[in-house]
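Take a look at the letters that make up each chain.
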Amino acid sequence: PDNLSLSLVDLKGGLSFARYRNCKQVKSLAKNANETLETLEALEAELIRRQELFLRNGWEDIKEANWKERHVVIVDEGAEITGFDSVQRDRAQYLVGEIARIGAGLGFRLIFCTQYPLASVFPSQVKANTSAALCFKLKTATQSGVVLDKNGAEDLPIGIPGRGIYQSD
């Protein structure tokens with residue numbers, strides 16, 4: 001618990017993550033577009049700070065730096081980002097993509113969740129830099145293709161709690 005910090009983006013008004021807001025690991029809890037952008041901007045600043053620190057010390061990544069700390073960014077109901085105004089949406093999708101693209105080597109992990117998987121919902125950098133996907137029952141093969149790049153999630157049985165497809169590299 002001392003080596004973990006969390007940034008939580010809960011785009012259902014904060015209801016899903018509110019019970020965790022006072023945990024010492026939670027650095028931020030964003031509940032709307034403005035708070036989401038504030039959180040993502042702060043994370044980008046920390047990514048840049050760490051990049052500069054690693055460069056000064058000749059470290060390629062978090063392992064070589066021998067850092068134990070990890071920062072997990074959880075975006076719950078990421079599809080809501082598409083409902084932001086166009087400037088906020090584009091900026092949020094860019095920042096989430098940056099965390100996915102360069103964050104892992106700097107000790108950041110991104111968990112991007114949505115109940116509405118469409119290609120327009122997943123920033124391309126998130127999709128390209130995803131090392132694992134967990135997919136539960138979906139309505140269509142198209143939705144399964146967005147998440148897993150193949151069919152299957154639409155055929156998962158109904159009524160068996162927790163049944164899903166886990167896909168990793």
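Residues numbered from 1 in each chain as written. Predicted model: local features only at pLDDT ≥ 70, side-chain atom pairs only at ≥ 80, totals over all residues. Heavy atoms only, no water.

Caption draft 1: Looking closely at the nonpolar core. Leu 40, Ile 81, Phe 112 and Val 147 are the most contacted members of the largest nonpolar core, which has 36 residues in total. Elements with a minimum of two residues in this core: α1 (33–57), α2 (62–65), β3 (70–76), α3 (86–102), β4 (108–112), β5 (132–136) and α5 (141–148). Here the element with the most residues in this core is α1; it accounts for 7 residues. Phe 112 has contacts with Val 75, Gly 78, Ile 81, Val 96, Val 121, Phe 122, Pro 123 and Val 126, leaving out every residue within four places of it along the chain. Within the second largest apolar cluster, 7 residues are counted, among which are Leu 8, Phe 17, Val 72 and Ile 74. (Core = buried A, V, L, I, M, F, W, Y, C linked by side-chain atoms within 4.5 Å. Buried < 20%, exposed > 50% of the residue type's maximum accessible area, 1.4 Å probe, protein only. Helix = DSSP H or I, 4+ residues; strand = E, 2+ residues; numbered from the N terminus. Contact = heavy atoms within 4.5 Å.)

Caption draft 2: Inspection of the pairing of strand β1 (residues 4–10) at higher detail. With 6 of its 7 residues buried, β1 lies for the most part within the structure. With 4 bridges connecting them, β1 and strand β2 (residues 26–30) associate as parallel partners. Looking across to β2, one finds that Ser 7 is bridged to Ser 28. (Pairing = 2+ DSSP bridges.)

Caption draft 3: Broad picture of the sheet that holds β4. In spatial order, the strands read β2-β1-β3-β4; together these 4 strands make up an open sheet with parallel pairing. The outermost strands of the open sheet, each flanked by one partner alone, are β2 and β4. Strand after strand, the sheet turns through a mean of 10° between neighbouring axes, direction not considered. Looking at chain direction, β3 and β4 are connected through 5 bridges and run parallel. (Axes fitted to C-alpha atoms, helices over the stretch in contact; angles between N-to-C directions.)

Caption draft 4: Examining the packing of aromatic side chains more closely. For the structure on display, the rule yields 2 aromatic pairs. Ring centres of Phe 54 and Trp 67 lie 5.4 Å apart, and the angle between their planes is 80°; this geometry places the pair in the edge-to-face category. In this pair, Phe 54 is assigned in helix α1 and Trp 67 in the loop between α2 and β3, connecting sequence segments 13 residues apart. You can call Trp 67 partly exposed: its relative accessible area is 22%. (Phe/Tyr/Trp six-rings, centres within 6.5 Å; stacked < 30°, edge-to-face > 60°.)

Caption draft 5: Quick look at α3. Here α3 contains 17 residues, and its C-alpha end-to-end distance of 24 Å stays within 8% of the 24 Å for a straight helix at 1.5 Å per residue. Among the residues of α3, Gln 88, Ala 92, Gln 93, Leu 95, Val 96, Gly 97, Glu 98, Ile 99 and Ala 100 are the ones counted as buried. Elements that come into contact with the buried residues of α3 comprise α1, β3, β4 and α4 (124–128). Here α3 starts with a cap whose side-chain oxygen sits 3.1 Å from the backbone nitrogen of Val 87, and that cap is Asp 85. (Expected span 1.5 Å × (residues − 1). Polar contact = N/O pair within 3.5 Å; in protein donor to acceptor, adjacent residues only side chain to side chain.)

Caption draft 6: Structural detail: the side chain of His 71. Looking at the secondary structure, you find His 71 in strand β3. For His 71, a relative accessible area of 7% puts it in the buried group. At a separation of 2.7 Å, a polar atom in the side chain of His 71 contacts the side chain of Ser 5. Of the polar contacts made by the side chain of His 71, one reaches the side chain of Ser 7; its length is 2.7 Å. Beyond its immediate stretch of four places on either side in the chain, His 71 contacts Ser 5, Leu 6, Ser 7, Lys 27, Leu 43, Gly 107, Phe 108 and Arg 109.

Caption draft 7: Representation of the packing of α1 against α3 within the structure. The interhelical angle for the contact between α1 and α3, taken along N-to-C directions, is 35°, at an axis separation of 10 Å. The two elements α1 and α3 cross, and the hand of that crossing is left-handed. Note on element contacts: α3 touches α1 through Gln 88, Arg 91, Ala 92, Tyr 94, Leu 95, Val 96, Glu 98, Ile 99 and Ile 102, opposite Ala 33, Asn 34, Leu 37, Leu 40, Glu 41, Leu 43, Glu 44, Leu 47 and Gln 51. Counted by class, the contact of α1 with α3 contains 11 nonpolar, 3 polar and 4 charged residues. (Left-handed = near helix turned anticlockwise from the far one by under 90°. Nonpolar A, V, L, I, M, F, W, Y, C, P; charged D, E, K, R; others polar.)

Caption draft 8: Region of interest: the layout of surface pockets. The volume enclosed by the largest pocket comes to roughly 1100 Å³. Contributing to the lining of the largest pocket are 38 residues, with Phe 112, Thr 130, Ala 132, Ala 133 and Leu 134 lying nearest its centre. Elements with a minimum of two residues in the lining of the largest pocket: α3, β4, α4, β5, α5 and β6 (164–168). Tallied by class, the residues present in the lining of the largest pocket amount to 21 nonpolar, 8 polar and 9 charged. Taken as a whole, the second largest pocket holds about 160 Å³ of empty space. If you trace the second largest pocket, you find it lined by Ser 5, Ser 7, Lys 27, Ser 28, Thr 39, Ala 42, Leu 43, Glu 46, Arg 50, Glu 69, His 71 and Phe 108. Looking at the lining of the second largest pocket, the elements that each hand over two or more residues are β1, β2 and α1. Looking at the lining of the second largest pocket element by element, the count peaks at 5 residues for α1. (1 Å grid on protein atoms, 1.4 Å probe; cavity = no way out; pocket = protein on both sides within 12 Å on 5 of 7 lines; lining within 4 Å. Points joined across faces, edges and corners; volume = space filled by probe spheres on them.)

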